[in-house]
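One-letter residues, chain by chain:
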Amino acid sequence: MEKQNSLDFITWLNKQIDNANHVIRESQENSNFGREAKYEGVREAFLECLNKLTFVH
């Protein structure tokens, strides 16, 4: 993957993680624990990808 593409993908992953964090907080406030659990899984998947990409660079 080219460096610029990698940086763009890392930026996109960070935005997705921020979005997941927002949904998790909102779900906690509304006691929607199923949605919270779903987005915690999504966040963990994005974090794992991000960690693998940043380890390479």
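Scroll up a little and you will see the structure.
For the structure given in this document, a descriptive report is provided here. Here the structure is a predicted model, which means the values were calculated and not measured.

**Quick word on the overall build of the protein**
Move 1: The secondary structure content of the protein amounts to two helices and zero strands.
Move 2: Rg of the C-alpha trace for the protein: 13 Å, well past the compact-globule value of 10 Å for 57 residues, more than 25% over.
Move 3: Overall, the protein is about 40 × 15 × 10 Å in size when its C-alpha atoms are taken along their principal axes.
Move 4: Counting the 57 residues in the protein, one finds 23% classified as buried.
Move 5: Total accessible area on the protein stands at roughly 4300 Å², and carbon and sulfur atoms take up 52% of it.
Move 6: Positive and negative side-chain charges in the protein, numbering 7 and 9 respectively, have mean positions lying 2 Å apart.

**As for the pattern of salt bridges**
Move 1: One pass over the structure, following the stated rule, counts three salt bridges.
Move 2: Here R43 makes a salt bridge to E44, at a shortest N to O gap of 3.9 Å.
Move 3: Residue classification places E44 among the partly exposed positions, given a relative accessible area of 45%.

**What to know about helix 1 (residues 3–29)**
Move 1: The end-to-end C-alpha distance of helix 1 is 39 Å, a good match for the 39 Å that 27 residues give at a rise of 1.5 Å each.
Move 2: Within helix 1, the full set of buried residues consists of S6, I10, L13, I17, A20, V23, I24 and S27.
Move 3: Looking at the residues trailing helix 1, positive phi occurs at S31, about 55°.

Analysis parameters
- Residues numbered from 1 in each chain as written.
- Predicted model: local features only at pLDDT ≥ 70, side-chain atom pairs only at ≥ 80, totals over all residues.
- Heavy atoms only, no water.
- Helix = DSSP H or I, 4+ residues; strand = E, 2+ residues; numbered from the N terminus.
- Rg over C-alpha atoms; globule rule 2.2 N^0.38 Å.
- Buried < 20%, exposed > 50% of the residue type's maximum accessible area, 1.4 Å probe, protein only.
- Areas by Shrake-Rupley, 256 points an atom, 1.4 Å probe, with all protein chains shown as cover.
- Lys, Arg positive; Asp, Glu negative; His and termini not counted.
- Charge placed at Lys NZ, Arg CZ, Asp CG, Glu CD.
- Salt bridge = Lys/Arg side-chain N within 4 Å of Asp/Glu carboxyl O.
- Expected span 1.5 Å × (residues − 1).

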